[in-house]
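Listed below, chain by chain, are the residues.
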Amino acid sequence: MADPIRHRVDEMWPLTSVWVTGQQSSPVQRRGRYVPESTQHPARMLPAIARHAIIAYTEPGDMVLDPMCGIGTTLVEAMHLGRDATGVEIEQRWCDLARANIALAASQGAPGRAAVLCGDATSIGQVVPAALRGRYALLLTSPPYGPTVHGHVRPGPDGVQKSANRYSDHRHEGNLAHRDLRGLVDGFAQILAGSFSLLRPGGHVVVTARPWRTRGELVDLPAAVVAAGVQAGLQPVERCVALLAALRDGRFVARPSFFQLQQVRKAIARGVPLHLISHEDVLILRRPTDTSPPNQRGRATARPATAGSLSPGAARAGTNGDTPPARHILDTPSGDGGEVA
Ligand SMILES: C[S@@+](CC[C@H](N)C(=O)[O-])C[C@H]1O[C@@H](n2cnc3c(N)ncnc32)[C@H](O)[C@@H]1O
């Protein structure tokens, strides 16, 4: 069945490898669609990015998984697009907000359903019910990263005050946000490996990630994400760019965070020609259609991920349209997901 929403979006913004997702600011994109407390989360995905990925890689009625769902952006956007979704989140505080957000979407008549499971996604096989194995058409997520890119700032008597820049008040051992880069990438690889069997053959994995700078050095998280996916048995099929800046009359209108501006200005003052990063890298991988275990399979034949190497249409052609509908399995009222851990 043709997807009318997708058709409308195609007409406005054709699905290219540069995703035009920053035309409206984050507060405008969220107004009336998310509970106001959602701003307490330090690193939410832009709703337009989630929408674009869901439209590009799923059909209405498909199931979407976000193993690190934060306040539930993936779930809310999936519901509004008529997809069903499951989110996993380790922090009780964000689970509660994600549930409030999916309840809000349901109250607004969103046709899809969603559930939030509070647990550690590095053991996702024990968190998501076994009945859902092989059902998900799309895993869409973003890992936590670099504290310098998070939070709100306000000038105060003792200089700039930072707020809403922490994932948790306590140091939760399982939260990948508290690990160093090696630990973060290892944990993320574990999540992807555990999610492999939840995806249907040909199902896609879309991860948004931003490189960040530590003492001037670029930390290339996107490359590490692709490596983690390959390690988990996934095939890289595409690499796109999601704009955080708006396009107005052929020009970029950037919306940098305070921290980004500060870093770039300081670097330029030192004579280092840094530029603002006004996009997220979008890494797209796929569970091979050959369902044999990764260690018994030949090497992935997909081209290595390079910006715009494959069109979203080409990537979609590999999805397995024979997967039976799974709506009845997720037959819980929105916001009423089981507490698993
Ligand atoms: C970048 S945020 C995702 C934000 C989300 N896309 C949204 O729009 O709200 C990453 C999330 O992963 C969660 N997280 C970190 N480690 C986790 C783990 N081991 N299992 C599940 N969630 C985890 C963090 O608490 C955080 O909320």
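Going along each chain's sequence as written, the residues are numbered from 1 onward. Confidence filtering applies because this is a predicted model: local features only for residues at pLDDT of at least 70, side-chain atom pairs given and counted only at 80 or more, and all residues used for totals across whole chains, interfaces and linings. Excluded from the side-chain calculations are hydrogens and water; all other atoms, namely the structure's heavy atoms, are used.

(A) Quick look at the overall build of the chain. What counts as a helix is a DSSP run of H or I of at least four residues, what counts as a strand is a run of E of at least two, and both are numbered from the N terminus. Across its full length, the chain carries ten helices and 14 strands. Burial classification: accessible surface area is computed with a 1.4 Å probe over protein chains only, and a residue below 20% of its type maximum counts as buried, one above 50% as exposed, and the rest as partly exposed. The buried share among the 341 residues of the chain stands at 52%. Considering only contacts within the chain whose residues lie at least 6 apart along the sequence, 77% involve residues at least 24 apart. Per-residue and other accessible areas were derived by the Shrake-Rupley procedure at a 1.4 Å probe size, with only the shown protein chains allowed to occlude residues. Counting every atom, the chain has about 15500 Å² of accessible surface; 54% of that belongs to carbon and sulfur. Two residues qualify as a contact provided that any one of their heavy atoms is within 4.5 Å of a heavy atom in the partner residue.

(B) Spatial organisation of the side chain of Gln29. Inspection of the secondary structure puts Gln29 in helix H2 (residues 26-30). Only 2.9 Å separates the side chain of Gln29 from the backbone nitrogen of Ala48, close enough to count as a polar contact. Beyond its immediate sequence surroundings of up to four residues, Gln29 is in contact with Thr21, Gly22, Gln24, Leu46, Pro47 and Ala48. The term polar contact refers here to a pair of N or O atoms within 3.5 Å; inside protein, the definition further demands a hydrogen-donor-capable atom paired with an acceptor-capable atom, and it admits residues adjacent in sequence only when both atoms are side-chain atoms.

(C) Region of the structure containing the site of the ligand. As a matter of local geometry, the ligand sits amid 25 residues, with His41, Met45, Thr73, Glu89 and Asp120 nearest to it. A distance of 3.2 Å separates a nitrogen atom of the ligand from a polar backbone atom of Ile90. Look at the ligand: alone it shows 600 Å² of surface, and the protein chains cover 100% of it. Note on residue categories: nonpolar means Ala, Val, Leu, Ile, Met, Phe, Trp, Tyr, Cys or Pro, charged means Asp, Glu, Lys or Arg, and polar means any other residue, Gly included. Per-class residue counts for the shell around the ligand are 13 nonpolar, eight polar and four charged. Note on definitions. A residue lies near a molecule or strand when any single heavy atom of the residue is within 4 Å of it.

(D) Highlighting the pattern of salt bridges. Any carboxyl oxygen of Asp or Glu within 4 Å of a side-chain nitrogen of Lys or Arg constitutes a salt bridge here. This model, assessed by the stated rule, comprises seven salt bridges. Its salt-bridge partner being Glu77, residue Arg51 comes within 3.0 Å of it at the nearest N-O pair. Taken together, the positions of Arg51 in helix H3 (residues 47-57) and Glu77 in helix H4 (residues 73-80) put the pair 26 residues apart, joining distant regions of the chain. On the basis of relative accessible area, Arg51 is assigned to the partly exposed category, the value being 25%. Its relative accessible area of 0% is what places Glu77 among the buried residues.

(E) Summary view of helix H7 (residues 181-195). For H7, spanning 15 residues, the distance from its first C-alpha to its last is 21 Å, which sits close to the expected 21 Å at 1.5 Å a residue. Residues of H7 that are buried include every one of Gly183, Leu184, Val185, Gly187, Phe188, Ala189, Ile191, Leu192 and Ser195, and no others. The inward-facing, buried residues of H7 contact strand E2 (63-66), helix H6 (124-127), strand E5 (136-141), strand E8 (199-209), strand E9 (212-214) and helix H8 (221-231). The span expected for a helix works out to 1.5 Å for each residue beyond the first.

(F) Representation of the sheet that holds strand E4 (residues 114-118) in the model. Two strands pair under a simple rule: DSSP has to find at least two bridges between them. Strand order in the open sheet formed by eight strands is E1-E11-E14-E8-E5-E2-E3-E4, with mixed pairing between adjacent strands. Of all the strands in the sheet, the pair left with one neighbour each is strand E1 (18-19) and E4. With five bridges joining them, strand E3 (residues 84-89) and E4 adopt parallel strand pairing. When the sheet's bridge partners are listed, Val88 is paired in E4 with Leu117. Relative to E5, H3 is tilted by about 160 degrees, and along the sheet it contacts E1, E5, E8, strand E11 (235-243) and strand E14 (279-286). Contacting E3 and E4, helix H5 (residues 92-107) crosses the sheet at an angle of about 170 degrees to E4. Axis definition: a line fitted to C-alpha atoms, over the contacting stretch in the case of helices. Angles run 0 to 180 degrees between N-to-C directions.

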